[in-house]
Structures are given as C-alpha cells and as structure tokens.
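Spelled out, the chains give:
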Amino acid sequence: MSAPRTAVLALGDDALVLSHRLGEWAGNAPVLEEEVALANIALDLLGQARTLLSMAGDEDELAYLREERAFTNVQLVEQPNGDFAHTIARQLYFSAYQELLYERLAGGGTDDAELAALAAKAVKEVAYHRDHAEHWTLRLGDGTEASHRRMKDALEGLWRHTGELFRPVEGLDVDWAGLDEEWTRRITAVLERATLAVPEGPRSSPWAAGAGRQGVHTEPFGRMLAEMQHLHRSHPGASW
Amino acid sequence: MTTLLPETDRGGGPGAHEEAFDAAIAADERIEPRDWMPDAYRATLVRQIAQHAHSEIIGMQPEANWITRAPSLRRKAILMAKVQDEAGHGLYLYSAAETLGASRDELLDKLHSGRQKYSSIFNYPTLTWADVGAIGWLVDGAAITNQVPLCRCSYGPYARAMVRVCKEESFHQRQGYELLLALSRGTEAQHAMAQDAVDRWWWPSLMMFGPPDDASKHSAQSMAWKIKRHSNDELRQRFVDICVPQAESLGLTLPDPELRWNEERGHYDFGPIDWSEFHEVLRGNGPCNEQRLDRRRRAHEEGAWVREAAAAYARKHGEQDGDGRTAA
Ligand SMILES: [Fe+2]
Ligand SMILES: [Fe+2]
C-alpha cells in the first residue's frame, strides 16, 4: 500500500517550511555553536521533507510549483523567526509534537511501510531537536529577567498556533486526543523547570475556514514562498 | 627602573628556550601550546589564525544570501551544509587561537571594531545563483591552494585544524564546480549566468593570495618560521594552473585575454592584476565591506541577551560552560 498522499504532504510540508525558516538564521545566530546547531536541525528537517515529498511525487515540483493554498503545513512552522526566543519556542512546541507523532507512526500509526520507516529514522533526529529546544527554554526562562520576559512573550505569542497540531490528519491512525494530552504534559513539565507558566489563551483561531492543514495560512507565508520559489519558477523546465 | 635578574634567568634560561625552539623549527617538528615560543611567533600566529577564523564566519554571509532561494531541494541541502561547515571551520580556528591565549570574545571584538581583518573576497556581492558555484569552485579552490601547505605549518593546533578544514573545503570546491557544470550545460540563460559569475569572481580570487612577493610585508619571517611554506606568487601560479583546464571542461572562459600556456616556464602566463582594486577593498571601500561588518555586529549585539542568559543560567545551576556553548 502506498503512503496516504494527504498525510505525507502534510508532514513533508511541515518539515520543508520549518527547515526554510531555520535556514534564515544562517549568519545571524547569537553564538557560533548555534549556527551549527540550527543548521543541523534545518538539514535534518530538509532531509525528512525530501523523503516525504518524494513519496507523493517529484520533490521539486511539489516544493517550488505549488501555490500557497496547496501547502498543508501547520501555521506554527511558517511563523517568522522573530528573536531567538521565538525560534526556540516554535521549536519546542513543534519538536515535542513531531517526536510524539513519529513515535506513533513508527509503532503502528500507519500501515505504510515507507512512512513507518521514515518515522523510525526521523524520531531519533527529532529527539535531538527537542532536547536542544528544551535546553534553551531552560536557559532563557531561568536565565536573566530580560530573557525570561522574551521567552514568556514568545511562548504566549505562538500558543494560538498549537491547537492545530492535534487536528486529525487523514490517513494516519493516531489517537490525536492522547497525543495532545501527552504533548501538554511534556510541555508543562519543561516550562515548570524553566520557571515559566503554560500560556492560557486560546489554542486556535475561531475562523471557520480552518488553518494550515486546510491550506489556509498566515500572511508571512506568502512572502516566504515567493522568495523560496522565485528562482526555480523563473527558469521553467530548467534543471539545476 | 632597572631590575636585576638572578644570574640563572639572565643567562641560560631564555637563550636555551630559544635554541630549543629554533632546533624544533629546523627539524620540522611541531610547536605545541605548552612549548616556549618567541612573542613575535605567537603574535603572528594569532593574527593569521584570527584573520582566518573571521574569514570563515564572514564568508557565511554571501552564500547564506542564497539559502532561501536555492532552486532545488538538493542544492539547498548542499548549500546549507556548506555554510554550516564554514561555521564549524570558524569554531576550530577560534579554538586554535585560544591555545595561544587569545580568547574568542577578544578576537570577535577586534573583528567588530575593525582592528582585525577577514579575507577581502567576501566583500564582493553574490548577485545570482551562479555566484554560489563560482565561490565554491574559485574561492574555496583558492582557499585550498593556500591552506594545504598550512597542514604542515609549524604550530601543531593550527596544522591539525587545517587538515580537517581542507578535507571539507575540497568537497566545497567540487560541489561548486558541479553546480557550475550543471548551469553551463543547462539552458542558455543558465549558461550565461555561470559565465557572468566566473567573469566577476576570477580576478578577486587571484587577489586572495595576497600582494605580489616583492610587496608582501609578513612573508619572509613567516616562511622562516615555517608558518608559511610557499610565497604568494607561487601559490597564485599554482591556482591559475589548476583552474585553466577546469574552466575548459566547464565550457566557460576566464576573463583574461593574456592567459596562455608558456612552454618554457611550464606554467600559464596571466595578465596583470589590478592591485588598486585590492587595496581599495582592503581599505574598506569594497562593494560589501560595510554591509558584511554591520550584519556581523548586529548578529552579535542582538545575541547579547542570549549569551547573558546562558551565562546567568550556568551560574545558577553550576554548569561548566557559561556562555551557552554546551547547548549545541
Ligand atoms: Fe571554510
Ligand atoms: Fe569552504
């Protein structure tokens, strides 16, 4: 049985878009070690994206020639980098989700062997991403007053994009409510250690049109795609 | 005020150290961090290693400029990995400088305040995707030509860092060549893009070897100390000799009408280099000097609160390394 197209596109787009955002840090990181670490994470995600998109078709056609409304990544990953705290908060929320999801896909959440194999391989990479994000959440939360405030703002600012993570993805046999519970438990534990509170606002938008999984994105995403796709689209049919 | 030194210190002490140092250099042995070395040797190494480290991290900018626009996912992965490698090279080199007593913070401060330089090549802009290929092929290529002899440099930590760096630089060079080859054999527009990039990067690459031998102020002493093994002009010639046949296989031309094989010398002759451009760029008037340094300073300043947070956290929790460096 071949991989369910909606599922591999959704997960592939998540990885592709977050990798792109992390790539924007190159040359701008707060310390040289983070240039290396952020690039590592970006490269892992790009590798996952390429495998996933290739299960659904031609990776470059899918990445470069689809319109914004055809991308089904969650809105969380397309959020601009902001300051380092925003990047870490985004990474903390997303990597905790991705790790839990891949664990489930590697352990029976899909009957597609290719997708299960990708999940089994990627879950090890993602465990490192989560570890990295947790380390920095602790440092920033429990560092200085200024870093605590920035981390708090970042966690609160991105909170409204976390509910979407647990909307069922067609073709995946996952207990989404259970995933949400486990995610919340883990995030709460990390934030507590970091002397930070779990944000309280709504976790999703009331808009009936839906969100990222329905191809409904936030405004910065269009500009991100314009930049990403411009060169490829300027030379139709060329190979690189 | 005069200080009277005990007889032993004035006599055998420093003199014996110096003899041991000279003997080690003469015997092609490695000088290690705990060995005695002349102050001027140490200062020369710190200056050179720092400039090299700064070049690695400033050099990330022109290529990072294309990460978000890379035209295929395969090329994007290669480019991201390359820029990451350059950050890694910066790390090895700052560590090598630390073995000489120069801290990374102090060196970065000198970079940011303009008291230490980085390679002028990175003061040129990357205007098209083909520039990524031209940098890999020519700039990493020139860096390898410069750095392979440094793997035998007399200072151990620098020589060992260079071994690792050179391996990766040669990947970069091949990837750049392969990128240009794909463009050269691609559509007409792609071929033109590749040719334009090579036209713009050729001469600045030749300048990477530094001023001609008769105008190079640090060369003689560095050669005597075996920090440097070949003169600027020798290395430049070696690079030209390597590039000409490669340009032919790329199907691209080099922008020098005087370039031709000289049977007698066994080398390619090439036209005169515009040293006034070199000196202007070095003086800070290149197309991107200000932009590169501003961006570097801004990244550093904007990251200050992060480094402070990591240090504060380390103090509270008794972590060994206070500046966030353990996190990676
Ligand atoms: Fe390098
Ligand atoms: Fe390189």
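- Chain B has the name Ring-1,2-phenylacetyl-CoA epoxidase subunit PaaA in an unreviewed UniProt entry, where Streptomyces pini is given as its organism.

- Under an unreviewed UniProt entry, the name given to chain A is Ring-1,2-phenylacetyl-CoA epoxidase subunit PaaC, and the source organism is Streptomyces pini.

1. Points about the overall build of chain A
Here is step 1 of the chain: Secondary structure assignment for chain A yields 9 helices and 0 strands.
Here is step 2 of the chain: Listed N to C, the secondary structure of chain A is α-α-α-α-α-α-α-α-α in terms of helices and strands.
Here is step 3 of the chain: Computed over the C-alpha atoms, the radius of gyration of chain A is 17 Å, within 12% of the 18 Å expected from 2.2 N^0.38 for a compact globule of 240 residues.
Here is step 4 of the chain: Out of the 240 residues belonging to chain A, those deemed buried represent 60%.
Here is step 5 of the chain: Put simply, of all contacts in chain A between residues at least 6 apart along the chain, 81% involve residues at least 24 apart.
Here is step 6 of the chain: In chain A, the 23 positive side-chain charges and the 38 negative ones have mean positions that sit 2 Å from each other.

2. So, the overall build of chain B
Here is step 1 of the chain: Helix and strand content of chain B: 14 helices and 2 strands.
Here is step 2 of the chain: Taken over C-alpha atoms, the radius of gyration comes to 22 Å for chain B, in line with the 20 Å a tight globule of 328 residues would show.
Here is step 3 of the chain: For chain B, the spread of C-alpha atoms along the principal axes amounts to about 75 × 60 × 35 Å.
Here is step 4 of the chain: Relative to its 328 residues, chain B shows a buried fraction of 54%.
Here is step 5 of the chain: When contacts within chain B are restricted to residue pairs at least 6 apart in sequence, long-range pairs at least 24 apart make up 76% of them.
Here is step 6 of the chain: Just so you have it, chain B exposes about 14,900 Å², and 52% of that area is on carbon and sulfur atoms.
Here is step 7 of the chain: Chain B carries 39 positive and 48 negative side-chain charges, and their two centres are separated by 5 Å.

3. Considerations on the nonpolar core
Here is step 1 of the chain: Counting 177 residues, the largest nonpolar core has Y102, L140 and W183 of chain A together with Y41 and W129 of chain B as its most contacted members.
Here is step 2 of the chain: Residues in contact with Y41 of chain B, not counting those within four places in the same chain, are F21, I25, I31, S154, Y155, W225 and I227 of chain B.

4. Points about the coordination of the iron ion (ligand 1)
Residues and elements named next belong to chain B.
Here is step 1 of the chain: Taken together, E56 (OE), E86 (OE), H89 (ND1) and E169 (OE) make up the protein donors of the iron ion (ligand 1), found 2.0 to 2.2 Å from the metal.
Here is step 2 of the chain: Given 4 donor atoms and angles of 85 to 138° at the metal, the environment of the iron ion (ligand 1) is assigned as irregular.
Here is step 3 of the chain: The motif formed by the donor residues of the iron ion (ligand 1), counted along the single chain, is E-x29-E-x2-H-x79-E.
Here is step 4 of the chain: If you look at the iron ion (ligand 1) and the iron ion (ligand 2), they sit 3.5 Å from each other and are both ligated by E86.

5. Quick word on the environment of F84 of chain A
Here is step 1 of the chain: Tracing the backbone through its elements, the reader meets F84 of chain A in helix α5 (residues 84-109).
Here is step 2 of the chain: Overall, F84 of chain A belongs to the buried group, its relative accessible area being 3%.
Here is step 3 of the chain: Between the alpha carbons of F84 of chain A and Y97 of chain A there is a distance of 20 Å; along the sequence they are 13 residues apart.
Here is step 4 of the chain: If near-sequence neighbours (up to four positions away) are discounted, F84 of chain A is found in contact with W25, P30, E34, L38, W136 and L140 of chain A together with W305 and V306 of chain B.

6. What about the interface of chain A and chain B?
Here is step 1 of the chain: Facing 50 residues of chain A, the contacting portion of chain B comprises 52 residues.
Here is step 2 of the chain: Note on chain A versus chain B: buried area summed over both sides is about 4,300 Å², and carbon and sulfur give 65% of it.
Here is step 3 of the chain: By the criterion of area lost to chain B, the three top residues of chain A are L32, R139 and W240 of chain A, representing 18% of everything that side buries.
Here is step 4 of the chain: Joining chain A to chain B, the criterion identifies 2 salt bridges.
Here is step 5 of the chain: The salt bridge involving D142 of chain A is made with K316 of chain B; its shortest N-O contact spans 3.1 Å.
Here is step 6 of the chain: Run the count over chain A and chain B and you get 17 residue pairs in polar contact (both at pLDDT 80 or more).
Here is step 7 of the chain: Broken down by secondary-structure element, the contributors of at least two residues to the side of chain A that touches chain B are α1 (5-23), α2 (32-56), α3 (59-65), α5, α6 (113-141), α7 (145-159) and α9 (219-234) of chain A.
Here is step 8 of the chain: It is α2 of chain A that provides the largest number of residues to the side of chain A that touches chain B, a total of 13 residues.
Here is step 9 of the chain: Of the residues in the side of chain A that touches chain B, the class split is 25 nonpolar, 13 polar and 12 charged.

7. Concerning helix α6 (residues 104-112) of chain B
Here is step 1 of the chain: All of the buried residues along α6 of chain B are R104, L107, L108, L111 and H112 of chain B. Looking straight down α6 of chain B, one finds its buried side chains confined to an arc of 140°; they lie on one side.
Here is step 2 of the chain: Looking at the packing, one finds that the buried side of α6 of chain B touches α2 of chain A together with α3 (39-58), α5 (73-98) and α13 (289-302) of chain B.
Here is step 3 of the chain: Note on α6 of chain B: the residue one or two positions beyond its end, G114 of chain B, has a positive phi of about 80°.

8. Re the confidence of the model for chain B
Low pLDDT marks regions whose predicted coordinates should not be analysed in detail.
Here is step 1 of the chain: Of all residues in chain B, 93% attain a pLDDT of 70 or more, and the chain-wide mean is 92.
Here is step 2 of the chain: In the predicted assembly, ipTM is 0.97 and pTM is 0.94.

9. Regarding helix α14 (residues 304-317) of chain B
Here is step 1 of the chain: In this model, α14 of chain B (14 residues) spans 20 Å end to end at C-alpha, consistent with the 20 Å of a helix rising 1.5 Å per residue.
Here is step 2 of the chain: Those residues of α14 of chain B that sit buried are W305, V306, R307, A309, A310, A311, A312, Y313 and A314 of chain B.
Here is step 3 of the chain: The inward-facing, buried residues of α14 of chain B abut α5, α6 and α7 of chain A together with α13 of chain B.
Here is step 4 of the chain: A positive phi of about 65° marks G318 of chain B, the residue just after α14 of chain B.

10. Comments concerning the coordination of the iron ion (ligand 2)
Residue and element names in this part refer to chain B.
Here is step 1 of the chain: In this structure, E86 (OE), D140 (OD), E169 (OE) and H172 (ND1) serve as the protein donors to the iron ion (ligand 2), at separations of 1.9 to 2.3 Å.
Here is step 2 of the chain: Every donor counted, the 4 donor atoms about the iron ion (ligand 2) form angles of 89 to 146° at the centre, which fits irregular coordination.
Here is step 3 of the chain: All donors to the iron ion (ligand 2) come from one chain, and their sequence spacing reads E-x53-D-x28-E-x2-H.

11. Details of the pattern of salt bridges
Here is step 1 of the chain: Within this structure, the stated rule accounts for 31 salt bridges over all chains.
Here is step 2 of the chain: Between E33 of chain A and R104 of chain B there is a salt bridge whose closest N-O contact spans 2.6 Å. Remark: R104 of chain B occurs in helix α6 and E33 of chain A occurs in helix α2; the pair is interchain, linking two chains.
Here is step 3 of the chain: Of the residues examined, E33 of chain A reaches a relative accessible area of 9% and is grouped as buried.

12. Side note on the packing of α2 of chain A against α5 of chain A
Residue and element names in this part refer to chain A.
Here is step 1 of the chain: At a minimum axis separation of 13 Å, α2 and α5 run at an interaxial angle of 40°. By the angle between their axes, α2 is oblique relative to α5. Handedness of the crossing formed by α2 with α5: left-handed. Where α2 abuts α5, its residues E34, L38, I41, L45, Q48 and L52 lie against F84, Q91, Q98 and Y102.
Here is step 2 of the chain: Grouping the constituent residues of the contact of α2 with α5 by class yields 6 nonpolar, 3 polar and 1 charged.

Reading the values: rules and limits
Residues numbered from 1 in each chain as written. Chains lettered and ligands numbered in written order. Predicted model: local features only at pLDDT ≥ 70, side-chain atom pairs only at ≥ 80, totals over all residues. Heavy atoms only, no water. Helix = DSSP H or I, 4+ residues; strand = E, 2+ residues; numbered from the N terminus. Rg over C-alpha atoms; globule rule 2.2 N^0.38 Å. Buried < 20%, exposed > 50% of the residue type's maximum accessible area, 1.4 Å probe, protein only. Contact = heavy atoms within 4.5 Å. Lys, Arg positive; Asp, Glu negative; His and termini not counted. Charge placed at Lys NZ, Arg CZ, Asp CG, Glu CD. Areas by Shrake-Rupley, 256 points an atom, 1.4 Å probe, with all protein chains shown as cover. Core = buried A, V, L, I, M, F, W, Y, C linked by side-chain atoms within 4.5 Å. Donors = N, O, S within 2.8 Å, 3.2 Å for Na, K, Ca; no water. Tetrahedral: all angles 85-135°; square planar, octahedral: opposite > 155°, others 65-115°. Buried area = accessible area lost by both parts, 1.4 Å probe. Salt bridge = Lys/Arg side-chain N within 4 Å of Asp/Glu carboxyl O. Polar contact = N/O pair within 3.5 Å; in protein donor to acceptor, adjacent residues only side chain to side chain. Nonpolar A, V, L, I, M, F, W, Y, C, P; charged D, E, K, R; others polar. Arc of directions from axis to C-beta. pLDDT = per-residue confidence, 0-100. Expected span 1.5 Å × (residues − 1). Axes fitted to C-alpha atoms, helices over the stretch in contact; angles between N-to-C directions. Parallel < 35°, antiparallel > 145°, perpendicular 65-115°, else oblique. Left-handed = near helix turned anticlockwise from the far one by under 90°.

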